[in-house]
Structures are given as C-alpha cells and as structure tokens.
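So the chains spell out like this:
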Amino acid sequence: MKDITTSVLKIDNEEKSKGSAIYVSDITIPGMYYAKTVRSTISKGKIQKITLPEMPENYTIVDYKDIPGKNIVRIIFEDQKIFAEDEVTYYGEPIMLVVGPDKLIIEELVKQIKIEYIEETPVFEYVNSAINYNFKKGDAKSAFENADKVIKYDYVTGYQEQLYIEPQGMVVDIEGDKVTLTGSLQCPYYVKNAVLSALDAKDSEVRVIQAVVGGAFGGKEEFPSLTTTQLAVAAKKIGKPIKMIYEREEDMEVTTKRHPSKINMEAAISKDKEILAFRANVGLDAGANIGLSGVVLSRALIACTGAYTIDDIEVNGDVFLTNTVPNGAYRGFGAPQMLFAVEMFMHHIAKEIDCDPLKLRLRYLSKQGDATSTQGTFNDPIIMNDMIKKAMKESDYKAKKIKYAKEDVYKGIGMSWFLHGCGFTGSGESTHINALVKLRKDKNDKVHILIAAVDMGQGIRTTMMKIVSQVLDIPLEQTVYDLPNTDLVPDSGPTVASRTIMIVGGLVARAAKQLKENWTPGEELTVSERYKQPEYIKWDEDNFVGDAYPAYSWGVNIVEVEVCPVTYQVTLQHVWSVYDVGKAIDERIIMGQADGGIMQGIGYGYLEVMNSKDGRIQQKNVTDYIIPTSVDSPPLDTYLMDNPYPLGPYGAKGAGELTLVGGAPAVALAIEEAIGKKIHKIPVTPEYIMELMKNGKN
Amino acid sequence: MAKIKFKLNNKEIEIDENPNLRLLDVLRDKFEFTGVKEGCGEGECGACAVLINNDIVNSCIVPLGNVNGKEIMTIEGYSETKKYDVIKDAYAEEGAVQCGFCTPGMIIASESLLNKNPHPTEEEIRVGLSGNLCRCTGYNMIVKAVKSAAKKGDGLW
Amino acid sequence: MVKNVIPVSYSEALDLLNERPFKIIAGGTDLMVQRRSWAQTPPKFSEDVLYIFNLEELKYIKEVDGYIVIGSTTPVEDVLKNKLTPNLLKAAISIMASPALRNMATIAGNIGNASPAGDTLPILYTLDAIIVLESIEGIRELPIKDVITGPGKHIIKQNEIIKELKLPISVFTNSAFEKVGGRKADAISKVSFTGAVNIKDNKVLDFRIAFGAVSATILRRKDLEEKYVGLTKDELIGKVDEIVADYDPFVRPIDDQRSNKEYRKTVALNLLRNFIETL
C-alpha cells in the first residue's frame, strides 16, 4: 500500500478550473426574490421612528417582528440580534430586509426608507469589559517581587479581514413547512441550529446544504448564521425562494474580522539574566457583540508563552465591547495576536538584557513532558530543535544574520517559533460538539462519507476520501463525499479550529475500520463513530487548568525582507517554513495550506491595513484593503516533518491555522532587524516604519 | 437599448440591450456562464476575467457597449481548447486549485500571458498574474503551474 | 429617457456631442467603478452615455513634427508596447494597475477622470503634454495643466472630446518615475514622483520635477525648475537641500484610508532628494 502522504489529484480540480462548480451566486430558483439589508447609519442610539414608503405588490420588508422564535443568532454566546429592535449598537447593524422580485425596485425602496434615531455617545475605547478571564501557573507574584529587573512592553495588532474572494451569500427555498438554506458556509449545523431557534421550528423543517465555498478562513464560521436566519424568517413570511449575495463593500463593512488587540507583557528577570516569570494582559476589541470573542480570548491567553515554557505566569484578559462591527473567527482565532506579542517580547527581552535572542529562546523552548501554560502536559514528542536547525540551514540564517546586522544594510531575516492547539479549546469537543460521523456502503460497494465537514478549498473532500480508501484499500473513486446536506449527514461538528482532519478524520478512519471488519460485498451497511475524549485529557474550564488541547502542531517560519530607506516599503525576499503536523495525509494539500497560511500571516504582519474611524471601517474594498498579489509574494519553501500523533488518523494533527500564526512575528522581526528599531505594532506599514526610523528605539 | 454584435466563444451574437450593462452580468445572467465570477465588482480581483480579442479584461468593469465587434472568450469556451488542457493539468499537478473562485480568472490570465510570452520568467509570470487575487494559495503553486504549463505546452503558444 | 449611443465614426461622435450632453466612456475602467451599482443592475448613469472605446480612428501612436501623438482611445497596453512611446511614460504604464486594466484603460481616461493619483498624469505634466480637444466648432490645443483644474475637474466642454495628446519629443539624460502604492501591483498611488534632467557638457539644460497625490492636482513648478537650469551637475547635486526646501511648501498631501500626509510628504521629498543625489 502507498504511503498516504503521497499526493493525489484533488477531486474537484476539473469543475473548479472550467468554472462549472456551483457556488451560491450561481444558484437560481424559478420565481426567486432578492433581498437587501437596511442597516444602521449611526454607531449607537435608539430608533425613534421608521417611515416606510408605500410598498408595491410583491415587495415587503422583514424585520424583528417577523421572527417566530427568538431574535437571537444562536451561536456560542447568544447576544447578537437577527434584526435590531429599538436600539442600534454599531454602524451597519441590520434593521430589516427589503425583499422582492426586482433589484432595481428594491434599491429604490431601500433609498426611500427613513429611519430617525436618537443618537447616543458611542464607545470606541477598551473600557467596557464584557468578559474577563484570568489564570495563574506557579507563583508569578513572588517572582516579580524578587526580580532584579522587570521588563514591560506593549504590543498592538490591527484588524484583519478574511477577504475570501467569494463574498458571503445565501439562498433560501421553501416548500410547505420545509426551509432549505444553501450557501457559502463553514458550519452547516451552526446554521441549522440558529435557524431552528429563529423559526421556532421542528428539526425536520430546516435543512442546510453547502454550496461550493469560495474561501472562508473563519469568515464563514459564525457570520452565515446571521444571514441565513434573516433569509429563513423572510422566506417564512412571504413563502418565496430568496437570494442574498453581499456586495464586496457590504461584506467588508459589516462581516466579522480578526479582533484588534492590545497586549501588555511583563517579564521578571533575575540577576543572572533568567526569565523568572511572565505577566500577560490581553484586551480584545469584540465590536458590538460578544459572539465568539470569549473563545477567541481563551485561545489567545492559553498561547501566552508561545512555544516556550515559563514556569510562573499570571494571565489576564478582557473582551471589550465597542460600538463597531462585531469581530469573530479568523484562521488562528486569537493565537496570531498573542504569538506576535510573545515572539517580539522574547526578542525585546534579549535586547534589554543584552543576550543573543536565539540562545535565550532556545533556553526556554518547550520540551516533551513540560507543563503547558495551563499546567497540562506536552505529552507528545516535540521536535522543534530539529525543525529550527532545518529552517536555519535552508535559509542560511546565521550567515545572513551577521551580514544584515550592519547599519547601512536595510535587509533583515526574522524567525518565529510557534505552536497551535488542535481542535476546540478545553473540553469543547466532548461537551459542545460531540461529533458523530457515518459511513454508508451501498449495494454497489460505494462508500459514502457522511459528515458535515465543509471543503472551502482546503481539500478536505479529497483528504477524507483518501483516508477511507486507504483504510478500506479501495480506489478513491469507490468513495463518495458530496457537499454536506443536514438531512443526509450527521453533525460531525463545524469546519473550524484545525479539528477536521484530526478529530473528524480520526472518526472517519475508525468508522472505515469498522466497515472493513463487517464488509460483505453487495450488501448495504451503515456504520457510525462518535467522539470520545481521551481519558488522560483533563480540563477545568473555570480555572484554565489542565490540557487545553489534545495535541499541538508546531512550526518555524523564517522571513527575509529588504526595506527601502527612501519609501520605507518592504520587499519580501524569501520565506522558509518547517512544520510538524504529525503526518500529512496528502503532501501537496498540506503544502497548499502552508503557502496560503503563511502569506495570510505575513500579510497580517506588514501589509493589510484596516481601521475603523468613528465606528466605520475605512477600507471597504479590495483597492483600499491591500492583500498580497503574486508580485508581492516571494518564493515559499516549506518542509514537513514526520512526527505521527498516535490518536490522529495515520498520525495526522491539525494544519490549517498553524501555517498562519507565525507569519506576522517572523516578518515583523525581519523588518525590526532591517531598520534596527523595535517594533510594537502590526501591520508594520511603511508609515509606521517611517515613524520608527525617525523616532524609534533601537 | 442598442444593437450590439460580438463573437462569444466563437459564436456570432447579436443582442439588443442596454449598453451600460456590465459584461459580467450579461455573461452570467443572459448566457448563464458560471465560470465568470464576481469577487469585487471594481476590476481589482480578476475573478470575472475573460479574453477580449485574446487579451485579458475584467468583465465587471467592461460596459456591454465596449464589446461591439469584439471577440469574447470565457473560460467555458476556452476550456474546449488544447491549451486549456495543458494549463488545467498543470494547475492540478502543482496543487494550484484550492477554493476555486479565482481559478477560471487565473487560467484566463495564464493564457493571456502565455499568448504574448510563451516562455515567461518567474518574474514575468508574477507580473502577468498580478491582477488576479488569490487568498488561498499564496500564489506559489499557481506560479509553478504556469511555469510547468509553458514547458509542457511548448509550441502551443 | 436615457439614450446611450455607440457611434460608428468619430464624426458621428462629434455630431452627437453637439446635439446634447453625453457622458463619454473610453475604456470605462474608472467610470464603471465610480458608477457601479448593485450586482446584476446596470451602473448608474443619469446622463446619456457615448461609447467611444471602439472608434478605431482614435487608436494610433505616431510621430508628427517633433511630437509623439497618441490617439485618445488607444489602450495603455498598446502605448506601452509602441517603440515611439517615451520611456518615462512606459515606466508609468508598466506599473499601472494590472494587465487586465491596462488592456482597457486609456490615457484620455486618466485625463478625463482627473484624479491627482492618476498614474500617467505626473508624466504628462513632466513631458509638457498638450491635450487636443475637438468639437464640431474646431480644435483647441491646451497644455495639460490648463485642462485639469482640480480633483475630478477639468475644462473640457460638453461638446468636446479628447482627440489626442501630443508629447513634445524631449531629451533627458536622467529620468525616473517612482510610484509608491500599497503594494507592488494593482495599487493606487499613495504618492508618485517624476524627475527628468538633461545635462549636456556638464550643464543642466532641462530640469523637471512632478509629484502625484500630494496636492489637488499634479504638482509641477516651472518657476522652481528654472532656478536650477544652467548649473553644472555637481552644483545641482550640491543644492539638493535647497531644492527640497523649495518644494517643501508646495507638497501638501492629505490623510485618507490609504496613507497619511506625514508619510506622503516625507516620501515625496525623499524621492526628490534621492533623485538628485543619485544623478
């Protein structure tokens, strides 16, 4: 049998290449209506009066009064309204839909709707804490009291927009009591449950089907639950199929983004230049709703020591509500902010105590058996030393480091080390998700993979089919994995948190083994597997004590840059990455994840500027929100290490997010070296570089 | 309304339409082509790219009035050609297709580039694809695919 | 009722313009974005539209009496490939937008749109481009600086069309175009700089500087340039501080969603300094 890592051609290459794959915008249903959202034009206030124009026949508005169930988008923290009622809390908050058959008439009607507000003073600062988490490991307090020196730095990170090339979109169809929602989404069952709650419907009355998804990166994790509930309510009211595709500007203004953050780091340093303890204080800007922000904060806090083991730590974090667009899931989920701060901080400590950063970092690099930041244990082998050596060798790191240290050379090379916890934080897998997978063998011995995992470009359909075909030793073509439809597939959980290969794939592999043991040619058979938390994993959610994740993936990124001293622009020269994702199920697919992830991470670190002014997003299109083009992107060299994880399918661990989280610190460190000034903020824009070169500290 | 004549995927077309319409909408709504996609609506992302007289354009900012007398080729027409097969296979073999939303536009950009420059350098490939945004791949595998297509399709362009 | 017309000839276009007002579309790369509306609905034009992009009569590049003459509907990609095109203009076009845009965009569009960030405009100012406007009443030839009066504003009359532009053939021993955008391709300028110098027998015969996106229109000051004509090259380089100081008060950029005024100003003056120092 072939090594599973050997790549196969992806099953959806052909239809995607020739343009016949059906994305949500390609779907038309006879007699279909369209919907446009009427939104708040202020950041905070009461709705005093709404004046509607006379509605022509077949045109109607849909607002909170039409919701049969609860006016809440049911996700993890239930505080987001489907439609605003008497108050609005951010610019762009949905108030109602205008629905009808002709887009030109809908637009005209939207223009004529007059909403009068009593404006209130909005809050844009980090003052209104909605969630506070804090935890300790060891005794940081006495370490700080006994320290020879305390080093403190602040780090700031900006918004990041997912910028999937396909904007958000949904289509709803209705037949009798049955509502079918088809769209661009990551989590069919999140959507189904949200719609059930909004419609107060029976389980059998709602069905969710995935269309081909044109990129998601977390942006289609919880946000589609909002648009689908709105459309489902509208369809219930008027009994027509309805399509709603966001315009790019609308998508960029009102959909969730990566949380901006402010992170304060403190280190207690002993006389002999040892790091005794860390304190981290993290503030996340949630926008106007909490939504997933608490979970994002958890992941950020747990990453507070990055790839290092620090024995004594104190961690405090807040989710701050502001009157701005709600933030949410984005690949990395809190870790990119924290890892940027940790990696910069380790370098800044080294500078402060006059120590070689590489030596200092190696001294604290985590090893197998070490306690994690939450007093759990790194149970599995950590091969970071080999990975670092590999990355340094391939990039000629040491020689370049010496060469670029000269003052008149505006070149730099930066290296980040990082880890990413695979799967949901804590006991989320067992308490919240409880994944179920099924495999059905039909009479022709074709094996149907029945899971709710969504292929949004990461190749999960091919990966899962490979796992099944490998376990059963049947050709790939004998397996079937259609786009998930909640009437046909069980809830295997959302397609998030780098859990799909490790958790869902693990269950699929076990189900396939079951099927193999009971295989009778020509006979139908369905087998299922449900997630069981490994016995050794203990997690105390209230105190942040125990194993926050069942396993960790690890990585090293090296980025080389040149900075122009005239224009302060950064040119990426080359990127090297080494990853431990356990075992790659398909090498080429993982390499593709690696390429895309690192460029998103690097973009986050130096290029992608999004800010909010008076509560309004300033960069609302792809002209103003700058992501890398092919000319900006350098050659990317990636190396995968084999370090199989015993509980993952064929040894696989999570991969999707890992490849993003180290990009920003690596590029920021490279720029820091090129200009010889400390960097405290991402993105490291030319404007910021100019400031640093004029007034920054060495 | 105005009478507008053009060739679409080698077929003569004559329609009486508002020349202000975006070519993108005409291709999607009237001709039901799904390979021409809207990503940004302002000519920046390249998901709606088609060939006009063999050169790449973004159909979301081309008014129908500007295609009178032109030859338009969408991915649907282009995918009938041998050159397409070479590019498509190279994309598959290099892993250049992820979510697929940029892919038809990216293939159109590849064709437009190779048509003018059958043996591009890496730098020239990157410039040739610079109007087509991709968020999944970091472009690495796409650049490799175009290189490979140029080699394997040597003589076709 | 809006009536849009695709004229079959240039003379028909002139006749139509004389009859009633039209919005003229050339490549449409700017207008189609500015007027865009909800997907699947036509862009919003309140006025009648005249489509001139396919008028073959206006697609040409030729040399006439010491001028390079470029027809107004020539796509910039064709301008880029033509051997008559001045190098400075080629430099600007080669990093303008993206290949797809360059196949549709026209220089006349850059003029009609009159954005201070328009990529070719600093070059046209530097080269003393003459804009040829034609109406049924006749032809007007005006220097570009007199055509563009502010952001999005120009003096082209309702019945006029940009027929062509004329670039006096000039000789430069050193020239540079620098565009500073948010990224390396497919970007709008934060600031741009053009410098062109002709030094013969160690004497500065011609000295031209232009900036884009640092003021309401392209910044070029002939009064300042003339101060430095007649110097030797070393004298010119020696006066770099004075030159930068001369331009300083006129470089007055704004803050926007793409950059801020401090950056724009610093970089504009850095580019000027760098150009002089590396002559």
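Residues numbered from 1 in each chain as written. Chains lettered and ligands numbered in written order. Predicted model: local features only at pLDDT ≥ 70, side-chain atom pairs only at ≥ 80, totals over all residues. Heavy atoms only, no water.

1. Some thoughts on the overall build of chain C
- Across its full length, chain C holds twelve helices and twelve strands.
- By the compact-globule yardstick of 19 Å for 279 residues, chain C fits well, its C-alpha radius of gyration being 19 Å.
- Taken along its principal axes, the extent of the C-alpha atoms in chain C is 65 × 45 × 30 Å.
- Burial analysis of chain C (279 residues in total) assigns 58% to the buried set.
- Carbon together with sulfur atoms contributes 50% to the accessible area of chain C, which is approximately 10900 Å² in total.
- Taking the average location of the 37 positive side-chain charges in chain C and that of its 37 negative ones, the two points are 4 Å from each other. (Helix = DSSP H or I, 4+ residues; strand = E, 2+ residues; numbered from the N terminus. Rg over C-alpha atoms; globule rule 2.2 N^0.38 Å. Buried < 20%, exposed > 50% of the residue type's maximum accessible area, 1.4 Å probe, protein only. Areas by Shrake-Rupley, 256 points an atom, 1.4 Å probe, with all protein chains shown as cover. Lys, Arg positive; Asp, Glu negative; His and termini not counted. Charge placed at Lys NZ, Arg CZ, Asp CG, Glu CD.)

2. Things to note about the sheet that holds strand 6 (residues 138-143) of chain C
All names here are of chain C.
- Strand order in the open sheet formed by five strands is 3-4-9-5-6, with antiparallel pairing between adjacent strands. Edge strands, defined here as strands with exactly one partner in the open sheet, are strand 3 (61-64) and strand 6. The mean inter-strand angle of the sheet, taken between neighbouring strand axes irrespective of direction, is 25°.
- Pairing between strand 5 (residues 130-135) and strand 9 (residues 161-168): five bridges, direction antiparallel. Counterpart to L133 in the pairing with strand 9 is I162.
- Sitting on the sheet, helix 1 (residues 10-19) touches strand 5 and strand 9, and the angle it makes with strand 9 is about 120°. (Pairing = 2+ DSSP bridges. Axes fitted to C-alpha atoms, helices over the stretch in contact; angles between N-to-C directions. Contact = heavy atoms within 4.5 Å.)

3. Thoughts on the domain arrangement of chain C
All names here are of chain C.
- Partitioning chain C into structural domains gives domain 1 (10-168) and domain 2 (174-277).
- For domain 1 and domain 2, the distance between their C-alpha centres works out to 25 Å.
- Listed as interface residues are 21 residues of domain 1 and, on the opposing side, 21 residues of domain 2.
- At the boundary of domain 1 with domain 2, total buried surface from both sides reaches about 1700 Å², with 63% on carbon and sulfur atoms.
- One can count four salt bridges joining domain 1 with domain 2.
- A salt bridge links R208 to D128, with the shortest nitrogen-to-oxygen separation between them at 3.5 Å.
- At the boundary of domain 1 and domain 2, one finds eleven residue pairs in polar contact (both at pLDDT 80 or more).
- Per element, the largest residue contribution to the side of domain 1 that touches domain 2 is five residues, and it comes from helix 7 (residues 121-126).
- A per-class count over the side of domain 1 that touches domain 2 returns 15 nonpolar, four polar and two charged. (Domains from an automatic or database assignment. Buried area = accessible area lost by both parts, 1.4 Å probe. Salt bridge = Lys/Arg side-chain N within 4 Å of Asp/Glu carboxyl O. Polar contact = N/O pair within 3.5 Å; in protein donor to acceptor, adjacent residues only side chain to side chain. Nonpolar A, V, L, I, M, F, W, Y, C, P; charged D, E, K, R; others polar.)

4. A short note on the sheet that holds strand 14 (residues 275-287) of chain A
Residues and elements named next belong to chain A.
- Here six strands make up an open sheet; going across it, the order is 7-15-14-13-8-28 and the pairing mixed. Edge strands, defined here as strands with exactly one partner in the open sheet, are strand 7 (129-137) and strand 28 (681-682).
- Note: strand 14 against strand 15 (residues 312-321), ten bridges, orientation parallel. Each bridged residue has a counterpart across the sheet, and for A277 the counterpart in strand 15 is D312.

5. With respect to the interface of chain C and chain A
- Between chain C and chain A, the contact holds 27 residues from the first and 32 residues from the second.
- Approximately 2600 Å² of surface area, both sides summed, lies buried where chain C meets chain A, with 55% of it carried by carbon and sulfur atoms.
- When residues of chain C are sorted by the area they lose upon contact with chain A, C:W38, C:R183 and C:K184 head the list and together hold 33% of the total.
- Our enumeration of links across chain C and chain A arrives at four salt bridges.
- In this structure, the connection of chain C to chain A is made through 19 residue pairs in polar contact (both at pLDDT 80 or more).
- Elements with a contribution of two residues or more to the side of chain C that touches chain A: strand 10 (174-181) and helix 12 (261-277) of chain C.
- For the side of chain C that touches chain A, the element with the most residues is helix 12 of chain C, which contributes seven residues.
- For the side of chain C that touches chain A, the per-class residue count stands at eight nonpolar, eleven polar and eight charged.

6. A few points about the nonpolar core
Residue and element names in this part refer to chain A.
- Counting 146 residues, the largest nonpolar core has I349 and I671 as its most contacted members.
- Looking at this core, the element that brings in the most residues is helix 8 (residues 335-352), giving eleven residues.
- In contact with I349, not counting residues within four places along its chain, are I151, A267, I269, I275, F278 and L360.
- Within the second largest apolar cluster, 76 residues are counted, among which are I4, Y33, I67 and L199. (Core = buried A, V, L, I, M, F, W, Y, C linked by side-chain atoms within 4.5 Å.)

7. Some words on the packing of aromatic side chains
- Summed over all chains, the structure comprises 23 aromatic pairs over all chains.
- Between the aromatic rings of A:Y23 and B:F101, the centroid separation amounts to 5.0 Å while the plane-to-plane angle is 80°, which identifies the pairing as edge-to-face. Of the two residues, A:Y23 is situated in the loop between helix 1 (13-17) and strand 1 (33-39) and B:F101 in the loop between helix 3 (82-94) and helix 4 (103-116); the pairing between them involves two chains. Neither A:Y23 nor B:F101 differs from the other in exposure class; each is buried.
- What links up through ring pairs into an aromatic cluster is the set A:Y153, A:Y155, A:F278, A:F340 and A:F345. (Phe/Tyr/Trp six-rings, centres within 6.5 Å; stacked < 30°, edge-to-face > 60°.)

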